[in-house]
Amino acid sequence: MKMLQCPACGHKVNLKQAGATKKVNGIFMLQCANCQQWSHENRNAAVVKNLGLMLMITGSVMGYFQLGGIITGPLIALIGSLIAVATLFAVPRVVYTGI
Ligand SMILES: [Zn+2]
């Protein structure tokens, strides 16, 4: 299960145990069950993460059709997933203030 950290109090927020969730302008918001603070993903991190996910999908498709050999596709998919996971855990969430 994906664990996210609340940027306001450092409380670990489990997606299933989150106080509440909502979407604002297409951005996924999560409310901390501990301090009631809303937070969302860092925008730049979201862009990089989507880039990683796109690489992952591209690599998977390439691997499926064996484009560029047996290695290239899966390798691109692996790099893409590493980028996506790394940004998810390395970049802290942002406190939402625009209520
Ligand atoms: Zn909190």
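In this text, all values refer to a predicted model and were calculated from it rather than measured experimentally.

### Notes on the sheet that holds strand 4 (residues 27–31)
In space, the 4 strands of this open sheet follow the order 3-4-5-6, with antiparallel pairing throughout. With partners counted over all chains shown, the strands left at the sheet margins are strand 3 (20–24) and strand 6 (94–95), one partner each. As paired strands, strand 4 and strand 5 (residues 38–40) are joined by 3 bridges and run antiparallel to one another. Note on strand 5: the bridge partner recorded for leucine 30 is serine 39.

### Re the domain arrangement of the protein
In terms of domains, the protein is made up of domain 1 (1–40) and domain 2 (42–91). If you average the C-alpha positions of domain 1 and of domain 2, the two centres end up 25 Å apart.

### A look at helix 1 (residues 43–65)
Side chains three or four residues apart in an α-helix point the same way, a direct result of the helix having 3.6 residues per turn. The terminal C-alpha atoms of helix 1, which comprises 23 residues, lie 33 Å apart, in line with the 33 Å expected from a rise of 1.5 Å per residue. Elements in contact with the buried residues of helix 1: helix 2 (69–90). Backbone geometry just downstream of helix 1 places glutamine 66 in the positive-phi region, at approximately 55°.

Calculation rules
- Residues numbered from 1 in each chain as written.
- Predicted model: local features only at pLDDT ≥ 70, side-chain atom pairs only at ≥ 80, totals over all residues.
- Pairing = 2+ DSSP bridges.
- Helix = DSSP H or I, 4+ residues; strand = E, 2+ residues; numbered from the N terminus.
- Domains from an automatic or database assignment.
- Expected span 1.5 Å × (residues − 1).
- Contact = placed C-beta atoms within 7 Å.

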